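So you can see what is in the structure, the chains are spelled out below.
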Amino acid sequence: MARIYLSPPHMSGEEAELVRDAFASNWIAPLGPHVDAFEREFAAAVGVPHAVALSSGTAALHLAVKLLGVGPGDEVLCSTLTFSASANAIAYEGGAPVFVDCDPATWNLDPALLDEELWECARRGRLPKAAIVVDLYGQSADHEPILAACATHGVPVIEDAAEALGASYRGAPVGRFGRCGVFSFNGNKVITTSGGGMLVSEDAEFVRRARFLATQARDPAPHYQHSAIGYNYRLSNVLAAIGRGQLRVLEERVAARRRNFDYYREHLGGLPGIEFMPEAPYGRCTRWLTCLTVDPQAFGATRDDIRLALEAEDVEARPVWKPMHLQPVFASSRVRGGAVAARLFERGLCLPSGSSLTGDDLERIVGIVRKAHRGGGQLRARPAKP
Ligand SMILES: Cc1ncc(COP(=O)(O)O)c(C=O)c1O
């Protein structure tokens with residue numbers, strides 16, 4: 001039986017046609033008409049006026065942090081439950097991340113804790129330069145109170161929507177709630193260009209500046225002249241062609257991931273000790289990844305028992321992100337709260353969630369998890385502690 005991956009690429013067929021066009025026109029080198037069209041089409045899909053296509057979501061985060069003026073020693077607030085790229089961008093500019101715990105009801109940044117941290121910073125007379133708010137696992141953060149708290153102190157927000165393209169918040173697509181929004185087209189995302197990213201904003205000058213820095217900061221001159229340090233962060237025309245094909249099937253991809261989630265919930269939701277990541281009432285979660293937590297006592301096996309049982313049958317599953325405040329590289333960073341994210345990491349599991357999963361795949365996965373429950377992993381066999 002073929003290995004089942006966590007979240008593999010899922011092409012529609014249209015991408016190959018668009019890539020052929022890039023080859024036929026010899027627009028192989030960076031930039032070209034597919035890049036321009038991808039930016040336009042993507043901006044329209046997210047409902048923002050300006051977008052710049054980049055080589056990765058990480059590059060987009062880096063430019064966002066840089067353009068908000070983060071420099072050595074500046075603090076930047078950041079969701080602790082996220083992938084490292086969210087926080088690394090702060091470090092690239094010498095900034096100091098300050099991590100904030102998540103709300104168990106959404107798994108996203110806790111607005112009340114963020115507010116507390118901002119007031120504490122204000123009391124100290126040292127406000128953060130920015131806040132990076134992550135839309136985790138396809139679910140929007142609760143942006144209204146977050147933006148209100150940040151606005152009170154004049155702190156700009158970077159919305160890291162890398163995992164949440166296609167999600168909505170109060171009826172509007174994610175990615176447009178902060179000063180700028182960041183997306184990723186990494187191979188495991190809802191849509192992919194094999195690797196790529198997008199920075200979007202309402203602010204034309206912000207995006208113009210990002211485009212300039214991402215294109216080696218070339219001043220307008222016939223020779224190569226530079227008055228700023230630039231980066232080689234643009235997306236190639238070939239990859240943008242893939243992105244255009246993928247964007248056309250975004251809604252179908254989201255629907256398929258939500259169907260995966262419904263299947264898992266129907267077939268696993270009744271098991272003792274299993275709880276799925278809740279869908280917040282304020283928006284649509286894409287269920288980019290189906291995530292659940294396992295209470296080992298109630299379920300009779302640990303999260304890792306399940307993960308290893310799946311692996312033994314050639315099925316890839318992953319623990320929920322290890323929070324940034326527990327990462328060795330950020331050991332010296334401040335954190336507000338942290339216990340909620342730590343517990344989600346300890347018990348959380350991401351099940352295979354690709355939009356190309358078949359009914360047979362899902363049945364196979366569910367069967368293994370149910371067997372881990374019946375078998376009780378090693379846990380039931382362990383003698384109770386005296
Ligand atoms: C929350 C988050 N931010 C940023 C990134 C970075 O995006 P990329 O891999 O395109 O650099 C990722 C994942 O890839 C992510 O999950």
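As a reminder, the structure under discussion sits directly above these lines.
Residues numbered from 1 in each chain as written. Predicted model: local features only at pLDDT ≥ 70, side-chain atom pairs only at ≥ 80, totals over all residues. Heavy atoms only, no water.

### A look at the overall build of the chain
- Scanning the chain for helices and strands turns up 13 helices and 14 strands.
- Long-range pairs, those at least 24 residues apart, make up 73% of the contacts in the chain with a sequence separation of at least 6.
- For the chain, the accessible area works out to roughly 16,000 Å², and carbon and sulfur atoms hold 54% of it.
- Both charge centroids of the chain, one from 41 positive and one from 44 negative side chains, sit 3 Å from each other. (Helix = DSSP H or I, 4+ residues; strand = E, 2+ residues; numbered from the N terminus. Contact = heavy atoms within 4.5 Å. Areas by Shrake-Rupley, 256 points an atom, 1.4 Å probe, with all protein chains shown as cover. Lys, Arg positive; Asp, Glu negative; His and termini not counted. Charge placed at Lys NZ, Arg CZ, Asp CG, Glu CD.)

### Some remarks on the side chain of Gln 139
- Tracing the chain through its elements places Gln 139 in the loop between β4 (130-134) and α6 (143-152).
- At 3.0 Å, the side chain of Gln 139 forms a polar contact with the backbone oxygen of Thr 106.
- A distance of 3.1 Å separates a polar atom in the side chain of Gln 139 from the backbone oxygen of Pro 278.
- When residues no more than four places from it in sequence are discounted, the contact partners of Gln 139 are Thr 106, Asn 108, Ala 164, Met 277, Pro 278, Glu 279, Ala 280 and Cys 285. (Polar contact = N/O pair within 3.5 Å; in protein donor to acceptor, adjacent residues only side chain to side chain.)

### Description of the site of the ligand
- Around the ligand there are 16 residues in total, and Gly 57, Thr 58, Glu 163, Ser 184 and Lys 189 lie nearest to it.
- Here an oxygen atom of the ligand and a backbone polar atom of Gly 57 are 2.8 Å apart.
- Within the contact set of the ligand, an oxygen atom lies 2.7 Å away from a side-chain nitrogen or oxygen of Ser 184.
- Considered on its own, the ligand offers 380 Å² of accessible surface; in the complex 93% of this is hidden by protein.
- Within the residue set of the shell around the ligand, elements represented by two or more residues are α3 (57-67) and α4 (84-92).
- The element that contributes the greatest number of residues to the shell around the ligand is α3, accounting for 3 residues.
- Its residues assigned to classes, the shell around the ligand comprises 5 nonpolar, 8 polar and 3 charged. (Near = heavy atom within 4 Å. Nonpolar A, V, L, I, M, F, W, Y, C, P; charged D, E, K, R; others polar.)

### What to know about the side chain of Thr 193
- Mapped onto the secondary structure, Thr 193 falls in the loop between β8 (180-184) and β9 (197-201).
- Residue Thr 193 is classed as buried on the basis of its relative accessible area, which comes to 1%.
- For Thr 193, the side chain forms a polar contact with the main-chain oxygen of Gly 195, separated by 2.8 Å.
- A polar side-chain atom of Thr 193 sits 3.5 Å from the main-chain amide nitrogen of Gly 196.
- Dropping the residues within four chain positions of it, Thr 193 is found in contact with Phe 38, Phe 185, Leu 235, Leu 239, Ile 242 and Gly 243. (Buried < 20%, exposed > 50% of the residue type's maximum accessible area, 1.4 Å probe, protein only.)

### Quick word on the packing of helix α2 (residues 33-46) against helix α8 (residues 237-247)
- As a packed pair, α2 and α8 sit with axes 8 Å apart at the nearest point and diverge in direction by 35°. Crossing of α2 against α8: the hand is left-handed. Along its contact with α2, which presents Pro 33, His 34, Val 35, Ala 37, Phe 38, Glu 41, Phe 42 and Ala 45, the element α8 presents Asn 237, Ala 240, Ala 241, Gly 243, Arg 244 and Leu 247.
- Considered class by class, the residues forming the contact of α2 with α8 number 9 nonpolar, 3 polar and 2 charged. (Axes fitted to C-alpha atoms, helices over the stretch in contact; angles between N-to-C directions. Left-handed = near helix turned anticlockwise from the far one by under 90°.)

### Details of the sheet that holds strand β14 (residues 348-351)
- Read from one edge to the other, the open sheet built from 4 strands follows the order β10-β11-β14-β12, with strand pairing classed as antiparallel. Of all the strands in the sheet, just β10 (274-276) and β12 (318-319) have a single pairing partner and so form its edges.
- Both strand β11 (residues 290-294) and β14 contribute to a ladder of 4 bridges, which runs antiparallel. Across the sheet, Leu 292 pairs through a bridge with Leu 349, a residue of β14.
- Sheet strands in contact with helix α9 (residues 250-268) are β10, β11 and β14, and its direction is about 155° off that of β10.
- Here helix α12 (residues 339-347) sits on the sheet in contact with β11, β12 and β14, set at roughly 55° to β14. (Pairing = 2+ DSSP bridges.)

### Comments concerning the packing of aromatic side chains
- According to the stated counting rule, one finds 13 aromatic pairs in the structure shown.
- The aromatic ring of Phe 261 is capped on one face by Arg 287, whose charged end is 3.5 Å from the ring centroid.
- If you follow Arg 303 out to its NZ or CZ, it ends over the ring of Phe 345, 5.8 Å from the centre. (Phe/Tyr/Trp six-rings, centres within 6.5 Å; stacked < 30°, edge-to-face > 60°. Lys NZ or Arg CZ within 6 Å of the ring centre and 35° of its normal.)

### Overview of the sheet that holds strand β1 (residues 50-54)
- What the 8 strands build is an open sheet, ordered β1-β9-β8-β5-β4-β2-β3-β13; its pairing is mixed. The sheet terminates laterally at β1 and β13 (334-336), the two strands that pair on one side only. Averaged over neighbouring strand pairs, the angle between their axes works out to 20° when direction is ignored.
- Relative to β4, strand β2 (residues 75-79) runs parallel, the two sharing 3 bridges. Considered in β4, the bridge of Cys 78 is made with Ile 132.

### Notes on the nonpolar core
- Counting residues in hydrophobic clusters, the biggest one holds 40 residues, and the most contacted among them are Phe 42, Tyr 137, Phe 183 and Met 198.
- Where this core is concerned, the elements lending two or more residues are α2, β1, β9, α8, α9 and α12.
- Those residues in contact with Tyr 137, other than ones at most four positions away along the chain, are Trp 107, Glu 163, Met 277, Cys 285, Arg 287, Trp 288, Leu 289, Cys 291, Val 320, Trp 321 and Cys 350.
- Core analysis: the second largest hydrophobic core is formed by 34 residues, Cys 78, Phe 212, Tyr 231 and Tyr 233 among them. (Core = buried A, V, L, I, M, F, W, Y, C linked by side-chain atoms within 4.5 Å.)

### Re the environment of Gly 195
- With respect to the element layout, Gly 195 can be found in the loop between β8 and β9.
- Each C-alpha atom of the pair Gly 195 and Arg 248 lies 18 Å from the other, and the pair is 53 residues apart in sequence.
- Residue contacts for Gly 195: discarding those within four places in its chain leaves Ser 55, Phe 185, Asn 186, Leu 235 and Leu 239.

### Observations concerning unusual backbone geometry
- Although it is not a glycine, Ser 194 sits at a positive phi angle of roughly 80°.
- Residue position: Ser 194 is located in the loop between β8 and β9.
- In the Ramachandran plot, Ala 217 falls in the positive-phi region, its phi being about 50° despite a non-glycine side chain.
- On the secondary structure map, Ala 217 appears in the loop between α7 (204-214) and α8.

These figures come from the coordinates and say nothing about function on their own.
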